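Fold and geometry: a report
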Amino acid sequence: MAKKFLYLVAIIIVVIFVGLIALSIWAKELAQVALVPSTEFVEQETLAANAYEDAALWYSKPGMAGTDPARWRPDGSQGSGGSAPEFALFFIHPTSYLNRNNWNAPIGEEEAERVARIYLRGMASAFQSASQIWAPKYRQATMGAFLTDKVEGQQAIDAAYADVREAYRHFENSIAADIPIVLAGHSQGSLHLLRLLREEMAGSDIQNRIIAAYAIGWPISVEHDLPSIGLPACADPAQTGCLLSWSSFAEPADPSEVMATYSRSIGFDGTPRGSSEILCTNPLTGRRGGSAEQKDNLGTLVPNADISDGELVVGAVPARCDERGLLLIGDPPEMGPYALPGNNYHVYDISLFYGNTRSDVIQRARAWPGENGIGDAAP
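This paragraph deals with the side chain of histidine 346. By the element assignment, histidine 346 lies in the loop between β14 (327-328) and α7 (354-367). Each residue touching histidine 346, except ones within four places of it in the same chain, is listed here: His186, Ser187, Gly217, Ser248 and Leu340.

Looking now at the pairing of strand β12 (residues 310-313). Alternating positions in β12 separate cleanly, Gly310 and Leu312 being buried on one face and Glu311 and Val313 remaining unburied on the opposite face. Hairpin connection from strand β11 (residues 300-303) to β12: six residues lie between these consecutive antiparallel strands, with isoleucine 307 at a positive phi of about 50 degrees.

Checked against the element boundaries, glycine 63 lands in the loop between β1 (58-60) and β2 (88-92). Judged by relative accessible area, glycine 63 falls into the exposed class, the value being 83%. It is 9.8 Å that separates the C-alpha atoms of glycine 63 and isoleucine 133, two residues lying 70 residues apart in sequence.

Turning our eyes to something else, we now look at the sheet that holds strand β7 (residues 248-249). Pairing in this open sheet of four strands is mixed, and the strands run β7-β14-β13-β10 from one edge to the other. Two strands close off the open sheet at either side, each with one partner strand: β7 and β10 (291-292). When β10 meets strand β13 (residues 319-321), the two strands line up antiparallel, connected through two bridges. Looking at the pairing, alanine 292 lines up with alanine 319 of β13.

The next thing to look at is the state of the cysteines. On inspection of all chains with the given rule, the structure shows two disulfides. Paired through a disulfide, cysteine 234 and cysteine 242 show a sulfur-sulfur distance of 2.0 Å. An S-S torsion of about 90 degrees defines the bridge between cysteine 234 and cysteine 242 as right-handed. Covalently, cysteine 280 is tied to cysteine 321 through a disulfide, its sulfur atoms 2.1 Å apart. Between cysteine 280 and cysteine 321, the S-S dihedral sits near -75 degrees, and the bridge is therefore left-handed.

Pairing is mixed across the open sheet formed by six strands, whose spatial order is β1-β3-β2-β4-β5-β6. The open sheet terminates on both sides in strands that have one partner only, identified here as β1 and β6 (242-244). Here the strands of the sheet are splayed against their neighbours by 20 degrees on average, with no regard to which way each runs. With three bridges joining them, strand β5 (residues 210-216) and β6 adopt parallel strand pairing. In the sheet register, alanine 212 faces β6, and the bridge partner there is cysteine 242. Here helix α4 (residues 188-201) sits on the sheet and contacts β2, β4 (181-186), β5 and β6; the angle it forms with β4, its principal contact strand, is near 140 degrees.

A few words on unusual backbone geometry. Looking along the chain, the bond that leaves glutamate 251 and enters proline 252 is cis, with omega of 5 degrees. Considering the arrangement of structural elements, one finds proline 252 in the loop between β7 and α6 (256-264). The omega torsion across tryptophan 368 and proline 369 is 20 degrees, close enough to zero to call that bond cis. With phi around 60 degrees, serine 187 is a residue other than glycine that occupies positive phi space. As for its placement among the helices and strands, serine 187 is situated in the loop between β4 and α4. With relative accessibility at 12%, the residue serine 187 sits in the buried group. Positioned with a positive phi, asparagine 343 is a non-glycine residue whose angle comes to about 60 degrees.

So, about the side chain of serine 276. The residue serine 276 is located in the loop between α6 and β8 (281-282) in this model. At a separation of 3.0 Å, a polar atom in the side chain of serine 276 contacts the side chain of tyrosine 262. At 2.7 Å, the side chain of serine 276 forms a polar contact with the backbone oxygen of arginine 273. Ignoring sequence-local partners within four residues, the contact set of serine 276 consists of Ser221, Glu223, His224 and Tyr262.

On to helix α2 (residues 110-122), then. For α2, spanning 13 residues, the distance from its first C-alpha to its last is 19 Å, which sits close to the expected 18 Å at 1.5 Å a residue. Put simply, glutamate 109 is the residue that caps the front of α2, since its side-chain oxygen is 3.2 Å from the backbone nitrogen of glutamate 111.

What follows covers the pattern of salt bridges. Throughout the structure, instances matching the rule amount to 14 salt bridges. The closest approach of N and O atoms between aspartate 163 and arginine 139, which form a salt bridge, is 2.8 Å. Here arginine 139 lies in the loop between β3 (132-136) and α3 (151-174) and aspartate 163 lies in helix α3, a separation of 24 residues in the sequence. Linking arginine 287 and aspartate 236 is a salt bridge whose minimum nitrogen-to-oxygen distance equals 3.5 Å. One end of the pair, arginine 287, is in strand β9 (residues 287-288); the other, aspartate 236, is in the loop between α5 (226-229) and β6, with 51 residues separating them in the sequence. Classification of aspartate 236 by relative accessible area gives partly exposed; the value is 30%. Each of the salt bridges in this network shares a partner with another, and the network as a whole consists of Asp158, Arg195 and Glu199.

As enumerated under the stated definition, the model contains eleven aromatic pairs in all. Ring centres of tryptophan 58 and tryptophan 134 lie 5.2 Å apart, and the angle between their planes is 75 degrees; this geometry places the pair in the edge-to-face category. Residue tryptophan 58 is located in strand β1, and its partner tryptophan 134 is located in strand β3; the two are separated by 76 residues in the primary sequence. Residue tryptophan 58 shares its accessibility class with tryptophan 134, and that shared class is buried. Between phenylalanine 146 and tryptophan 218, the ring centres sit 6.0 Å apart and the planes meet at 70 degrees, which makes this aromatic pair edge-to-face. Pair noted here: phenylalanine 146 is in the loop between β3 and α3 and tryptophan 218 is in the loop between β5 and α5, with a separation of 72 residues, a long-range link. Among the residues examined, phenylalanine 146 registers a relative accessible area of 24% and is labelled partly exposed. Ring pairing ties together the aromatic residues Tyr52, Trp58, Phe90, Trp134, Tyr168 and Phe171, which thus form one cluster. The side chain of lysine 137 reaches across the aromatic face of tyrosine 59, ending 5.4 Å from its centre. Cation over ring: arginine 273 sits above phenylalanine 268, and NZ or CZ is 5.4 Å from the ring centre.

What counts as what
Along every chain, residues carry numbers that run from 1 in the direction the sequence is written. The predicted origin of the model limits local features to residues at a pLDDT of at least 70 and limits the giving and counting of side-chain atom pairs to 80 or more, whereas totals for whole chains, interfaces and linings rest on all residues. Each side-chain value is worked out from all heavy atoms of the structure, with water and hydrogens disregarded. Secondary structure elements are defined from DSSP: runs of H or I of at least 4 residues count as helices, runs of E of at least 2 residues count as strands, and each element is numbered from the N terminus. A contact between two residues is defined here by any heavy atoms of the two lying within 4.5 Å. Burial classes follow relative accessibility: with a 1.4 Å probe on protein chains only, a residue under 20% of its type's maximum area counts as buried, one over 50% as exposed, and anything between as partly exposed. Strand pairing requires that DSSP identify at least two bridges connecting the strands. By convention in this document, the label disulfide applies to cysteine sulfur atom pairs within 2.5 Å. Under this scheme, a helix contributes an axis fitted over its contacting stretch, all axes are lines through C-alpha atoms, and angles between N-to-C directions fall in the 0 to 180 degree range. N or O atoms closer than or at 3.5 Å make up a polar contact, with two conditions inside protein: a donor-capable atom paired with an acceptor-capable one, and, for residues adjacent in sequence, both atoms drawn from side chains. In this analysis, the expected span of each helix is defined as 1.5 Å times one less than the number of residues it contains. Within this document, salt bridges are pairs made up of a side-chain nitrogen of Lys or Arg and a carboxyl oxygen of Asp or Glu, the two lying within 4 Å of each other. Pairing of aromatic rings covers Phe, Tyr and the six-membered ring of Trp, with a centre-to-centre limit of 6.5 Å; geometry is then stacked below 30 degrees between planes, edge-to-face above 60, and tilted otherwise. A ring has a charge above it when a Lys NZ or an Arg CZ is no more than 6 Å from the ring centre and no more than 35 degrees off the ring normal.

Below, the structure is given as structure tokens:
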């Protein structure tokens, strides 16, 4: 009996080992099978121009203090970070819809909205020094739309952006004409944010009211993208009217799949991004490039098992921008099971630097009006 049990254990170990090898070799193919819809793309009905007047289409907006996930505070953050002068935040959440039955998430899809609220608690709450927080629901593209070259993938992304654009226009029309703004997003949210900057804000009056834009977790080519966005990269922690971005990898990092996809992609200037440098803001310093030690980390939001809660841990990880523009964070930290292959800590881009992100936006808001001469700077 004991011998049979040992044989069984050996067989299980071999199956697991073979499975891990298969996953390492065919991870991309398996992800495509699991996540890319095989259904036809369904054109999304255009939202009415006044659709976002409905509070039900917002996760966060003024007047929702009791149920606003972006106003959540993790353990250890009460009373920390200081105060900021008045500003409004527009935050676009990342992909929370993994279903392959649809190319776009229906509004009201229970699981997608549950996960989106968790993301807002762990990400948007880092910006809660804002006097107003606006975070819209939108018919996001499913995860599989980003794993395929099918035309349906881009159609789904375009449809999601159309919702975000309508939400942004409502946000812009709802805030006072003299209040400065902060724009932030992660992953799919950052992709839509970059498009808003190019298509809705570049050259407009509201562009001059941007304290900062945090387009985190989406690669931005310094050569092929940045000149088209309308904002420079933030070079100083007190600079306003600028852009921040980073993508986090523990070491040893294997970003080969990410870099291969990036090199094949087309930049905002219409040419391939190739091996061009990715914009890397060091979140521990608020400056482009460079390195900083663990002691400079004001607080990593370490989540619980289902990332629905967490606590701040000071000095958890360092940060260093490498020559490619990736943000390296040293040895893999204990953040939970959602790190991606290659030591990619994409899910935790903001959580890793929660305390510094919170401090960064406050410092830039206090530095307002900066070079633009709009509004009143805080003492």
